[in-house]
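Summary of structural features
Here are the chains, one letter per residue:
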Amino acid sequence: MLVRLTFEHLNYPLDYLFQPYSEDWFVSDVGLKMSEVMKSTQIVALDCEMVLCEDGTEGLVRVGAVDRDLKVVLDKFVKPDKPVVDYRAHITGVTAEDIENATLSVADIQETLQPLLSEGTILVGHSLNRDLQVLKIDHPKVIDTALVFKYSNARKLRRPSLNNLSKSILGYEVRKVDVPHDCVHDATAAMKLALAVIEKRADTTIKPSKEMLEVEKAKLFLHKIPHNVTSEELEQLLSGKFTLDVKPAKTERGYYCAFTVFDNSEEADQAFENIDGIQMTDSLGLPQKLVVLKRSSGSRASLYVRKMVKDE
């Protein structure tokens, strides 16, 4: 059912269209097998940490995976094959020193996962397409908790965060403010969410709480960010104390986006007011500004800064 809910989501065709493949991709042939393999209910959840490479692409630096019993089956550092310009250590928790001693490549991780995928294992994750993109793996049997779960009163394309789902369904926060991500913890949370539906029949439609709404108000959304703009440059754009949560581009050298998380809605509102830019609203009526950022190189780049909820 969860595989079907993922596949039937409006965003699935866009998120999981990885073609054309380069020669270093592993493409699972499970979808072509009319056998017991397709009936397999074995599940493994995974999550990756990525850095920004010199050419604007995402580089895999750590991958974690857990099985149905929440046992860690994979937790490895990976050495990117391209120069890194931004380790995003405050998000990934990975530093240059961690990668210095890494010996594994993306191909090595593919080789490790290949036996599981060939047996028809279902992959679970939150925004799993991002992880598969950087792993260079295309596999037809997936459960994406970002597509399975939805808010009861939100617009169709708005996706609940892993943290909000964890608080609402599991009763705990998987991510703390000012604490880097941990891919094993995130993979574990995604697995628990899937099991909550499979074993406990948890509802996949959740009602946003007042706390969730306050959390959304304490964020600003930065989008249409050129691939060569670094996290440090984004941090100089906004005033106040906040945590930057970067989301990678869907295509090579494409635009990416990021969330800035403040302590409260008042600080987020003040930061938005302090931004020098052209104010407008997006297609849904949310306030946003078109901003021109002066980069450290002397060049300029434009991007949008948007509120997460309407002022009223």
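Above this text is the structure in question.
Residues numbered from 1 in each chain as written. Predicted model: local features only at pLDDT ≥ 70, side-chain atom pairs only at ≥ 80, totals over all residues. Heavy atoms only, no water.

**Quick word on the sheet that holds strand β12 (residues 242–247)**
Two strands in a sheet stick together by hydrogen bonds in their backbones, pointing the same way (parallel) or opposite ways (antiparallel). Convention followed: Only strands that DSSP links by at least two bridges are regarded as paired with each other. Starting at the N terminus, helices and strands are each numbered in turn, a helix being any DSSP run of H or I of at least four residues and a strand any DSSP run of E of at least two. To obtain an axis, a line is fitted to C-alpha atoms, over the contacting stretch when the element is a helix, and the angle between two such axes runs from 0 to 180 degrees between their N-to-C directions.
Within the open sheet, the 6 strands sit side by side as β12-β13-β11-β16-β15-β14. Their pairing is antiparallel. The open sheet has two edge strands with one neighbour each: β12 and β14 (278–281). Each strand axis lies, on average, 25° off the axis of its neighbour in the sheet, ignoring direction. Here strand β11 (residues 219–225) pairs with strand β13 (residues 256–262) via 5 bridges, running antiparallel. Bridging across to β13, F221 finds its partner in F259.

**A closer look at the packing of aromatic side chains**
Geometrically, a pair of aromatic rings is defined through the distance of the ring centres and the angle of the planes. What counts is decided by this rule: Side-chain rings of Phe, Tyr and Trp (the six-membered ring for Trp) are treated as a pair once their centres are within 6.5 Å; stacked means planes under 30 degrees apart, edge-to-face means over 60, and tilted covers the remaining angles. Burial classification: accessible surface area is computed with a 1.4 Å probe over protein chains only, and a residue below 20% of its type maximum counts as buried, one above 50% as exposed, and the rest as partly exposed. Consider the ring centre and the ring normal. A charge sits over the ring if Lys NZ or Arg CZ is within 6 Å of that centre and within 35 degrees of that normal.
Taken as a whole and judged by the stated rule, the model has 7 aromatic pairs. Measuring from centroid to centroid gives 5.0 Å for F221 and F259, while their planes differ by 35°, and the two rings are tilted. One end of the pair, F221, is in strand β11; the other, F259, is in strand β13, and 38 residues separate them in sequence. A residue is classified by how much of its surface remains accessible, and F221, at 13% relative accessible area, is buried. In textbook terms, an aromatic cluster arises when at least three aromatic residues are bridged by ring pairs, as seen for F7, Y12, Y16, F18, Y21 and W25. The ring of F259 carries K219 above its face, with NZ or CZ at 5.5 Å from the centroid. Here the basic side chain of K289 rests over the ring of F272, its NZ or CZ set 5.0 Å away from the ring centre.

**What about the pairing of β12?**
Among the 6 residues that make up β12, 6 are buried, leaving the element largely enclosed by the rest of the structure. One ladder, built from 6 bridges, connects β12 with β13; its direction is antiparallel. The partner of F242 across the bridge, within β13, is F262.

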